[in-house]
Amino acid sequence: MRDFIYDTLPIRVVFGPGQVSQIAVEAARLGLGRVLVLSTPGQRALGQRVTHLLGARAVGFHAYAKMHVPIEVGAAAVGEARTLKADGAVAVGGGSAIGLGKIIARDLGLPLLAVPTTYSGSEMTAIWGQTEAGVKTTARDPKVLPRTVIYDPELTMALPRATSATSGMNAVAHAVEALYAADANPITSIMAEQSIAALAQSLPRIVADPNNIGARGDALYGAWLAGVALGAVGMALHHKLCHTLGGAFNLPHAEVHTVILPHAAAYNAAAAPEAMARIAAALGTSDAPQGLFDLARRLGAPTSLAALGLKDTDLDHAADLAIANPYANPAVVTRAGICGLLDDAYHGRRPAEA
Ligand code: NAD
């Protein structure tokens with residue numbers, strides 16, 4: 001057993017079908033009586049439902065969350081929370097709504113309660129992100145950590161097949177990188193392994209039948225574990241690349257994760273054999289990179305950067321950006337290596353056996 005440090009994050013988790021009905025009880029438990037509810041425009045109906053469930057404890061509903069939190073979107077929500085004299089925020093939806101809640105928590109120091117409806121995992125991390133002039137900044141701040149998270153699988157039933165698949169692969173990516181993180185610890189590794197197994201088993205069942213509540217619950221459980229791992233240990237090449245590609249070329253977040261993951265795993269396979277063995281076992285396959293590629297393909301998710309609209313003439317610039325700032329990664333990151341990875345991802349080639 002090697003030495004490790006593990007900071008557990010103090011988040012209360014309420015899990016189960018129908019548990020959103022407890023939102024007012026949970027807000028009261030945090031002493032909140034003037035809550036601002038947040039969602040994206042697409043999740044307005046759900047946001048209204050949650051606002052209604054909060055009754056007199058809700059003072060407003062703001063349905064203007066946007067992916068990657070453009071700085072003006074964050075400022076508008078902070079302004080509204082100030083005007084309403086809100087004493088807390090409730091974010092309902094995916095990483096975009098939760099990301100907006102984090103900006104309110106960061107700027108006003110208000111407690112955040114999250115009701116996630118995708119598998120992004122943001123609700124389990126103290127990482128905030130915002131975008132200014134197309135450049136995304138992320139940082140850690142304990143203030144932005146949600147105090148309470150309600151995971152209600154019923155709220156994910158309407159998540160379309162395609163979004164379920166890519167959002168699920170986004171969660172798998174957190175777990176994969178947690179297994180080879182420089183600061184991995186035995187507990188997050190167990191969670192990461194469990195997460196991959198739960199998602200690999202449940203996502204195909206969801207794509208076959210999006211109304212399968214059992215599979216929805218298993219996927220949300222897997223996403224929770226992936227989020228814990230993401231919040232506890234440092235991410236590497238895969239997250240760095242996705243961050244770069246998403247920001248510079250405006251590619252969709254979860255889809256980029258889905259396409260890059262098998263290739264990032266292949267890049268790191270020789271340098272992280274123990275992690276690969278655990279990933280492969282959790283996937284129920286003999287080869288981790290191929291197993292990740294096959295899972296995405298089985299889910300009908302995109303498997304090439306070309307399918308996401310990237311142009312092959314962008315690859316050189318993407319490689320430059322990806323190697324601009326050094327970061328921890330099991331395999332040495334070289335420009336030639338990244339070019340090869342991006343070329344494979346661009347064409348959607350199945351990785352060679354590790
Ligand atoms: P998202 O929140 O934009 O949701 C994706 C899509 O799913 C949207 O169109 C949304 O309307 C739809 N949707 C959400 N819930 C639904 C439901 N129940 N039914 C039907 N449709 C639903 O995207 P996301 O992938 O959840 O999150 C991505 C964002 O979160 C990015 O900005 C990313 O950077 C951020 N993120 C942050 C962290 C962190 O730790 N800070 C972690 C992961 C992701």
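Residues numbered from 1 in each chain as written. Predicted model: local features only at pLDDT ≥ 70, side-chain atom pairs only at ≥ 80, totals over all residues. Heavy atoms only, no water.

Visitor: So what's going on with the site of the ligand? Residues and values would help.
Guide: S96, T117, T118, T125 and K136 are the nearest of the 22 residues found near the ligand. Here T117 contributes a side-chain N or O atom positioned 2.6 Å from a nitrogen atom of the ligand. One of the backbone N or O atoms of L155 is found 2.8 Å from a nitrogen atom in the ligand. Summarising the interface, the protein chains cover 83% of the accessible area of the ligand, which totals 860 Å² for the free molecule. Ranked by residues supplied to the shell around the ligand, first place goes to helix α4 (residues 95-108) with 3 residues. For the shell around the ligand, the class distribution of residues is 7 nonpolar, 13 polar and 2 charged. Shared between two domains, the shell around the ligand takes at least three residues from each, and those domains are domain 1 (12-156) and domain 2 (162-347). (Near = heavy atom within 4 Å. Polar contact = N/O pair within 3.5 Å; in protein donor to acceptor, adjacent residues only side chain to side chain. Areas by Shrake-Rupley, 256 points an atom, 1.4 Å probe, with all protein chains shown as cover. Helix = DSSP H or I, 4+ residues; strand = E, 2+ residues; numbered from the N terminus. Nonpolar A, V, L, I, M, F, W, Y, C, P; charged D, E, K, R; others polar. Domains from an automatic or database assignment.)

Visitor: Provide a residue-level description of the packing of helix α5 (residues 161-179) against helix α9 (residues 253-268), including the pertinent values.
Guide: It is the contact of α5 with α9, at a shortest axis distance of 8 Å, that shows an interaxial angle of 35 degrees. For the element pair α5 and α9, the recorded crossing hand is left-handed. Taking contact as the criterion, the partners of T166, S167, M169, N170, V172, A173, V176 and E177 in α5 are, on α9, H253, A254, E255, H257, T258, L261 and N268. (Axes fitted to C-alpha atoms, helices over the stretch in contact; angles between N-to-C directions. Left-handed = near helix turned anticlockwise from the far one by under 90°. Contact = heavy atoms within 4.5 Å.)

Visitor: Go over the domain arrangement of the protein chain with me, naming the residues and quoting the values.
Guide: Domain boundaries assigned for the protein chain yield domain 1 (12-156) and domain 2 (162-347). Averaged C-alpha coordinates put domain 1 and domain 2 at centres separated by 25 Å. Counting from both sides, the interface comprises 21 residues of domain 1 and, opposite them, 24 residues of domain 2. Interface area for domain 1 against domain 2, summed over the two sides, is near 1800 Å², with a carbon-plus-sulfur share of 67%. Area buried by domain 1 at its contact with domain 2 is led by F15, Y119 and M124, which between them contribute 35% of it. (Buried area = accessible area lost by both parts, 1.4 Å probe.)

Visitor: Tell me what's going on with the environment of A307, and back it up with residues and numbers.
Guide: By secondary structure assignment, the location of A307 is in the loop between α11 (288-298) and α12 (315-322). Residues A307 and F15 lie 292 residues apart in sequence; the distance between their C-alpha atoms is 36 Å.

Visitor: Give me the lowdown on the sheet that holds strand β5 (residues 112-116), citing residues and values where you can.
Guide: Spatially, 6 strands are ordered β1-β8-β5-β4-β2-β3 in an open sheet, and the strand pairing comes out parallel. Since the sheet does not close on itself, it has two edges, and those belong to β1 (12-15) and β3 (58-62), each with one partner. Pairs of neighbouring strands in the sheet enclose a mean axial angle of 15 degrees, with direction left out of account. Two strands pair when backbone bridges link them, and strand β2 (residues 35-38) and β3 are joined in this way by 4 bridges, in the parallel orientation. Its bridge partner being in β3, V37 is matched across the sheet by F61. (Pairing = 2+ DSSP bridges.)

Visitor: Give a description of the packing of aromatic side chains that names residues and reports values.
Guide: In total, this model carries 2 aromatic pairs according to the counting rule given. For the ring pair F15 and Y151, a centre distance of 5.8 Å and an interplane angle of 45 degrees mean the geometry is tilted. Highlighted residues: F15 in strand β1 and Y151 in strand β8 (residues 148-151), separated in sequence by 136 residues. Of the residues examined, Y151 reaches a relative accessible area of 0% and is grouped as buried. Summarising the aromatic geometry, the rings of Y221 and W224 are spaced 6.1 Å apart at their centres and angled 55 degrees between planes, so their arrangement reads as tilted. Of this pair, Y221 and W224 both sit in helix α7 (residues 213-232), 3 residues apart, roughly one helical turn. The exposure class of Y221 is partly exposed, given its relative accessible area of 30%. It is R106 that lies over the ring of W128; its NZ or CZ is 4.5 Å from the centre. (Phe/Tyr/Trp six-rings, centres within 6.5 Å; stacked < 30°, edge-to-face > 60°. Buried < 20%, exposed > 50% of the residue type's maximum accessible area, 1.4 Å probe, protein only. Lys NZ or Arg CZ within 6 Å of the ring centre and 35° of its normal.)

Visitor: Break down α4 for me, citing the residues and quoting the values.
Guide: It helps to recall that an α-helix has 3.6 residues per turn; residues three or four apart then point in one direction. Its 14 residues give α4 an end-to-end C-alpha distance of 20 Å, which sits within 8% of 20 Å, the value for a rise of 1.5 Å per residue. Extensive coverage of α4 is indicated by the burial of 11 of its 14 residues. Within the sequence span of α4, burial applies to S96, A97, I98, G99, L100, G101, K102, I103, I104, A105 and R106. Contact partners of the buried residues in α4: β2, β3, α3 (71-83), β4 (88-93), β5 and β6 (127-132). Looking one or two places after α4, you find G109, whose phi comes out positive at around 70 degrees. (Expected span 1.5 Å × (residues − 1).)

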